[in-house]
Amino acid sequence: MAKHGYDSGRLDLPFVGIATFGKRPFEVDWNKLDADVAILGAPFDAGTQYRSGARFGPRAIREASTLFSFGHAGAYDHEDDATYLPGDVNIVDMGDADIIHTDTEASHKNIETGVRAALAAAALPVVIGGDHSVNIPCIRAFDAQGDFHILQIDAHLDFVDERHGVRHGHGNPMRRAAEHDYVTGLTQVGIRNVSSTAKEGYADARAMGSDIISVRQARKMGTGGVLAHIPPDARVYVTLDIDAFCPSIAPGTGTPSHGGFLYYEVLELLQAVAERHEVIGMDLVEVAPDYDPSGSTQILAAQILLNFLGFIFHARRQS
């Protein structure tokens, strides 16, 4: 067990120092990455159809994550009797992909470059958006990584093919993902109420290998029932839209949708995924902090990310 950061002689409280993710080291040179986990900010929100502001999500989530920095010595969970993210799990913050205003393709290409750099370093890529369109370059970057399944936790299906010429907005990412031959299927959980995807899009999604599960259906079937929709031997990429949560606990998002998940519902699903599957990457998107003056949405995002990373590396250690 690594020594706690307090042992260095600095208390280093959350509001002190530079706000990297979890107050972990920052590596500006992506050719020198040496990490188990590489955090990449993708502050792009030009794919948004309603309220913008997710471009400020990465910065806000990093700031919130300092609350859970734990001195790099891990955090003990008395319910699981486990210490998660001890000092030997090396998390590095890559900073942000460069965003070119008004240029979706160039911005997406820069995000893809960052994810490829993380993969080249054999690090687990964790991308913080940004709107959900940033998932498109993330999935592109996995073209040489073998087959995998996508678990999407979201209020919206995001399976629009094309609308007025737009194919790479935040309503398109799951359609674009399903078109890749290395994506073997999708489990789309939390989809509810009036959707941005028309009825035909739902039919297309099912025809292209998607299982679609609403919040009420997920609650009825339980965590095990949801996981049964993921092939047991599948490697899994997770994409988590913060609007999957009920806006009563996550109001800081551009397209809130009532009737969403509560914290432990998502946490327990992610823990089960980490225990049963190899997780190869993830993104968390659509945090728009200006719509939540309390800051609780970005705290939720940081907490769910750190917990999920803890589950992933704890499971790897047990296997």
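What you see is a predicted model; the values in this text were computed from it and never measured.

Calculation notes
Residues numbered from 1 in each chain as written. Predicted model: local features only at pLDDT ≥ 70, side-chain atom pairs only at ≥ 80, totals over all residues. Heavy atoms only, no water. Helix = DSSP H or I, 4+ residues; strand = E, 2+ residues; numbered from the N terminus. Buried < 20%, exposed > 50% of the residue type's maximum accessible area, 1.4 Å probe, protein only. Patch = residues over 30% accessible without salt bridge, like charges linked within 9 Å, V, L, I, M, F, W, Y side chains within 5 Å. Areas by Shrake-Rupley, 256 points an atom, 1.4 Å probe, with all protein chains shown as cover. Salt bridge = Lys/Arg side-chain N within 4 Å of Asp/Glu carboxyl O. Lys, Arg positive; Asp, Glu negative; His and termini not counted. Charge placed at Lys NZ, Arg CZ, Asp CG, Glu CD. Polar contact = N/O pair within 3.5 Å; in protein donor to acceptor, adjacent residues only side chain to side chain. Contact = heavy atoms within 4.5 Å. Core = buried A, V, L, I, M, F, W, Y, C linked by side-chain atoms within 4.5 Å.

Re the environment of histidine 78
For step 1, the next point in the chain: Tracing the backbone through its elements, the reader meets histidine 78 in the loop between β2 (75-77) and β3 (82-84).
For step 2, the next point in the chain: Residue histidine 78 is classed as exposed on the basis of its relative accessible area of 65%.
For step 3, the next point in the chain: Residues histidine 78 and glutamate 179, spaced 101 residues apart in sequence, show a C-alpha to C-alpha distance of 43 Å.

Considerations on a negative patch on the surface
For step 1, the next point in the chain: Side chains of Glu79, Asp80, Asp81, Glu268 and Glu275 sit close together on the surface and give a patch of like negative charge.
For step 2, the next point in the chain: Counting through the fold element by element, glutamate 268 comes out in helix α7 (residues 263-276).
For step 3, the next point in the chain: Its relative accessible area of 42% is what places glutamate 268 among the partly exposed residues.

Thoughts on the side chain of aspartate 131
For step 1, the next point in the chain: As for its position among the elements, aspartate 131 is in the loop between β5 (124-129) and α3 (135-140).
For step 2, the next point in the chain: The buried charged residue aspartate 131 lacks any salt bridge, with arginine 55 as its nearest oppositely charged partner at 8.0 Å.
For step 3, the next point in the chain: Reaching out from aspartate 131, the side chain makes a polar contact with the side chain of serine 133 at a distance of 2.5 Å.
For step 4, the next point in the chain: Those residues in contact with aspartate 131 that lie beyond four places of it in its chain are Phe44, Asp45, Ala46, Gly47, Thr48, Ala54, His170, Val285 and Glu286.

A closer look at the nonpolar core
For step 1, the next point in the chain: Formed by 55 residues in total, the largest nonpolar core has its most connected members in Ile61, Ile153, Ile304 and Leu309.
For step 2, the next point in the chain: For this core, the element with the highest residue contribution is helix α8 (residues 296-318), accounting for 11 residues.
For step 3, the next point in the chain: Apart from the residues within four sequence positions on either side, isoleucine 304 is in contact with Leu240, Phe245, Tyr263, Val266, Leu267, Leu270 and Leu284.
For step 4, the next point in the chain: Residues Ala38, Leu40, Ala118 and Ala141 belong to the second largest nonpolar core, which totals 38 residues.

Points about the environment of isoleucine 249
For step 1, the next point in the chain: Topologically, isoleucine 249 is positioned in the loop between β9 (235-241) and α7.
For step 2, the next point in the chain: Judged by relative accessible area, which is 27%, isoleucine 249 ranks as partly exposed.
For step 3, the next point in the chain: Along the primary structure isoleucine 249 and glycine 165 are separated by 84 residues, whereas in three dimensions their C-alpha atoms are 35 Å apart.
For step 4, the next point in the chain: For isoleucine 249, the contacting residues outside a window of four places in its chain are Phe261, Leu262, Tyr263, Ser296, Thr297 and Leu300.

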